[in-house]
Amino acid sequence: MTAPQFAVVAEGLRKRYGGTEALAGLDLAVPAGTVHGLLGPNGAGKTTAVRVLTTLTRPDGGTATVAGHDVVRGAARVRTRVGLVGQHAAVDEVLSGRQNLVMFGRLYHLGSRTARRRADELLERFRLTEAAGRPAGQYSGGMRRRLDLAASMILAPPVLFLDEPTTGLDPRSRTEVWDEVRALVEGGTTVLLTTQYLEEADRLADGISVIDHGRVIAEGAPDRLKARLGGDRVEVVLDDPSALADAAAILARAVGAEAEVDAAALRVGAPAAGRAAALTEAVRALDAAGVRVADIGLRRPTLDEVFLHLTGDTAQDRKEVPA
Amino acid sequence: MTLPETPVGRLRWAVADTRTLTGRALAHWARRPGEVAVGLLFPVMVVLMMGYLFGGQMDVPGGGGGYREFIMPGMFAMTMLFGIETTFAAVAGDAAKGVTDRFRAMPTSPPAIIAGRGAADLLHSVAALAVMAVCGLLVGWRAHEGAARALAGLGLLLLLRFALIWMGVYLGLVAKGPESVAAVQTLVWPIGFLSSALVVPDTMPGWLGAIAEWNPMSATVTACRELFGDPGPTGGSWAAQHSVLLAVLWPLVITAVFFPLAARRYRVMGR
């Protein structure tokens, strides 16, 4: 079988739980060998999407293929080709790290010697060799997450699902998980990850689908998504509040567009269609008018701004709910 | 790895996975011997408490061996009943931690995941019965009717435990989390006490006594008293007279109800 162009394809996936529609016609197409981020607020349907794609939940409607197999009709085959790292580190806390990996290896139907050898390889690769004999319950959050990743890599599956892989981790462990994910993708694995952290999607993902209320409301590369909100802006920070109005007028004339004033931050900003040229023009005009500038620069909107813009105020409320 | 295409191949996978998962439970015991010892000795403590603290005040029908010999078959059955807590806690813990979901997303044989739990719990119960039998022999309990009938009695006890496994698996999958084990621990006592395990149902108010006589626990306990030749109330209701039959039927009924429920719950877990 030739490798399919898309590792994950979903068309019109639907899933209803009682009165709520968790998936309302979700479409996805993840090219093989890339990292794709599913970004959305709590309750948007991210976890349900992962559960359907990993055969844990049957969809009410629509179809999905993962690694070339239908998730309903070919569920057993899909299970041999995917790895899943869920929101909890799903490892046996009584058993040691090595015992966990050997057990999971056996349940993937490796022979006992192969399972032991694979466990040792993975312990080495995920820097757990030293802690291999200790119960996983004594591991730190980051170590447990690495063990979890190792367990999902036993068969080196072509498609790996990560459901909020860094939720609850400290910044250092988070960076470690990111490094591991990058290394896996270099090895050819396709990764689909859900996250609430825009930074995570920005750093890792080649493509992003922003989902809300069970369907995709925007998708594209992180840069393209940011561009959709508007391009770069020139931002000027002043020392003197009395100069704000003058600076806004000068800036507006220099870039040829309306400027916005944030009085509390002593900041004036305006769209900079011409990028560097607009910046140069702004500096020159402000200098000529004798306005004292504390800071000036080009800034691209953050994914946070894109996200809030796309999902609206209701999403902002929901973001307050802890995971 | 290639998936098995034939029923024989699938069965081979199921057997292999059941062994792996039974081994997992054995590895747990090896890592937590203290916890296992406390679990095994708990019913021994109950025997000593009941036998020596309450025993002096109890009149035992059917004469002979005294209260301690009367309660031993009851305590064997209680030990089987306590086992439901072990099953429940293990299943609910795996479900809450996402371990069950990991298994379900793997090419592991689905029946093996429940069967592995069952096999491990039955082994645990064999050990628990062995400890209790030694305890019984030390406090004066005997099986008077020969080895064959004694083994038949032990077989009925394990059959009851077998049925309770599926009830424990089902409740564990339905529960919100392993914390609910406290509820199971509490419920086990009235179910055990409302039977002929430790007292004679005749002495209860009429309607309560009737419930106690038809309790599946009573069927196994009364059948064991008969097979071991231990003292106990004679005659009585239809249920008491056909205890061996009921001690076989009840576990089969419980299994017929809870095994499909547990299997279905496992398939649609998390909906």
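Small disclaimer: the values here were computed from a predicted structure and weren't measured.

Q: I tried to follow the overall build of chain A on my own but got confused; where do I start?
A: When helices and strands are tallied, chain A shows eleven helices and 14 strands. Within chain A, buried positions represent 51% of all 323 residues. Taking the intrachain contacts of chain A between residues at least 6 apart in sequence as the baseline, contacts between residues at least 24 apart amount to 67%. Distance between charge centres in chain A, computed from 40 positive and 42 negative side chains, equals 9 Å.

Q: So what exactly am I meant to see when it comes to the UniProt feature "transmembrane region" (unreviewed entry) in chain B here?
A: Residue and element names in this part refer to chain B. If you check UniProt for "transmembrane region" (unreviewed entry), the listed places come out as residues 36–55, 75–96, 122–144, 150–173, 180–200 and 244–263 in our numbering. For residues 36–55, the helix share is 95%, the strand share is 0%, and the end-to-end C-alpha distance is 28 Å. Summarising residues 244–263: 100% helix, 0% strand, and an end-to-end C-alpha distance of 29 Å.

Q: Explain the domain arrangement of chain A to me, please; I cannot follow it from the model alone.
A: Accessible area lost during the coming together of the parts is what is often quoted as the interface size. Domain annotation for chain A reports domain 1 (6–227) and domain 2 (231–300). Between the C-alpha centres of domain 1 of chain A and domain 2 of chain A there is a distance of 44 Å.

Q: Explain the pattern of salt bridges here, please?
A: Opposite charge on two side chains lets them pair, provided their charged atoms get close. Residue and element names in this part refer to chain A. This model, assessed by the stated rule, comprises 30 salt bridges over all chains. Between Lys-46 and Glu-164 there is a salt bridge, with its nearest N and O atoms 3.7 Å apart. Placement of the pair is Lys-46 in helix 1 (residues 46–53) and Glu-164 in the loop between strand 7 (159–163) and helix 6 (171–186), with a sequence separation of 118 residues. Among the salt bridges present, the one from Glu-235 reaches Arg-299, with a minimum N-O distance of 3.4 Å. Here Glu-235, found in strand 11 (residues 233–238), pairs with Arg-299, found in strand 14 (residues 293–299); they are 64 residues apart in sequence, far enough to count as distant. For Glu-235, a relative accessible area of 14% puts it in the buried group. Here Arg-299 falls in the partly exposed class, since its relative accessible area comes to 29%. Overlapping salt bridges, with partners in common, bring together Glu-235, Asp-262, Arg-267 and Arg-299 in one network.

Q: Whenever I open this one, the sheet that holds strand 1 (residues 6–17) of chain A confuses me. Can you help?
A: In a beta sheet, neighbouring strands pair by backbone hydrogen bonds and run either parallel or antiparallel. Residue and element names in this part refer to chain A. Taking strand neighbours across the sheet as the criterion, the four strands line up as 2-1-4-5 in an open arrangement whose pairing is antiparallel. Across the chains shown, the open sheet's two edge strands, defined by having one partner strand only, are strand 2 (20–31) and strand 5 (69–70). Bridging between strand 4 (residues 61–66) and strand 5 involves two bridges; their strand directions are antiparallel. Following the sheet pairing, Val-66 is matched in strand 5 by His-69. Relative to strand 2, helix 1 is tilted by about 65 degrees, and along the sheet it contacts strand 1, strand 2 and strand 4.

Q: Honestly, the interface of chain B and chain A in this entry has me stumped. Any pointers?
A: Taken together, the contact between chain B and chain A spans 27 residues of the former and 35 residues of the latter. The junction of chain B with chain A conceals about 2,800 Å² of combined surface from both sides, 60% of it contributed by carbon and sulfur atoms. Note that Asp-148 of chain A is salt-bridged to Arg-102 of chain B, the shortest N-O span being 2.5 Å. Viewed at the interface, chain A and chain B are joined by 13 residue pairs in polar contact (both at pLDDT 80 or more). Among the secondary structure elements, those contributing two or more residues to the side of chain B that touches chain A are helix 1 (7–31), helix 3 (66–97) and helix 4 (99–104) of chain B.

Q: Which parts of the structure should I look at to understand the confidence of the model for chain A?
A: Regions with low pLDDT should not have their predicted coordinates read in detail. In the predicted model, chain A carries a mean pLDDT of 87, and the fraction of residues at 70 or more is 94%. Per-element averaging of pLDDT across chain A places helix 11 (residues 303–319) of chain A at the bottom with 60 and helix 3 (residues 97–107) of chain A at the top with 97.

Q: Explain the sheet that holds strand 14 of chain A here, please?
A: Residues and elements named next belong to chain A. Taken in spatial order, the four strands line up as 12-13-11-14 in an open sheet, and their pairing is antiparallel. Looking along the sheet, the strands with just one partner apiece sit at the ends: strand 12 (260–262) and strand 14. If you compare each strand with its neighbour and ignore which way they point, the axes differ by 20 degrees on average. Pairing of strand 12 with strand 13 (residues 267–271), which is carried by three bridges, proceeds in the antiparallel orientation. When the sheet's bridge partners are listed, Val-261 is paired in strand 13 with Val-268. This element, helix 9 (residues 244–255), spans strand 11, strand 12 and strand 13 of the sheet and lies at about 15 degrees to strand 13.

Q: I tried to follow the nonpolar core on my own but got confused; where do I start?
A: Nonpolar side chains tend toward joint burial in soluble globular proteins. One finds Leu-101, Leu-149, Leu-162, Val-191 and Ile-208 of chain A together with Phe-103 of chain B to be the most contacted residues of the largest nonpolar core, which totals 68 residues. Ignoring sequence-local partners within four residues, the contact set of Leu-101 of chain A consists of Ala-119, Leu-122, Leu-123, Leu-147, Ala-150, Ala-151 and Ile-154 of chain A. By size, the runner-up hydrophobic cluster in this structure holds 38 residues, among which are Val-60, Met-72, Phe-88 and Ala-92 of chain B.

Conventions we followed
Residues numbered from 1 in each chain as written. Chains lettered and ligands numbered in written order. Predicted model: local features only at pLDDT ≥ 70, side-chain atom pairs only at ≥ 80, totals over all residues. Heavy atoms only, no water. Helix = DSSP H or I, 4+ residues; strand = E, 2+ residues; numbered from the N terminus. Buried < 20%, exposed > 50% of the residue type's maximum accessible area, 1.4 Å probe, protein only. Contact = heavy atoms within 4.5 Å. Lys, Arg positive; Asp, Glu negative; His and termini not counted. Charge placed at Lys NZ, Arg CZ, Asp CG, Glu CD. UniProt positions renumbered as here; feature names shortened; annotations may be inferred. Domains from an automatic or database assignment. Salt bridge = Lys/Arg side-chain N within 4 Å of Asp/Glu carboxyl O. Pairing = 2+ DSSP bridges. Axes fitted to C-alpha atoms, helices over the stretch in contact; angles between N-to-C directions. Buried area = accessible area lost by both parts, 1.4 Å probe. Polar contact = N/O pair within 3.5 Å; in protein donor to acceptor, adjacent residues only side chain to side chain. pLDDT = per-residue confidence, 0-100. Core = buried A, V, L, I, M, F, W, Y, C linked by side-chain atoms within 4.5 Å.

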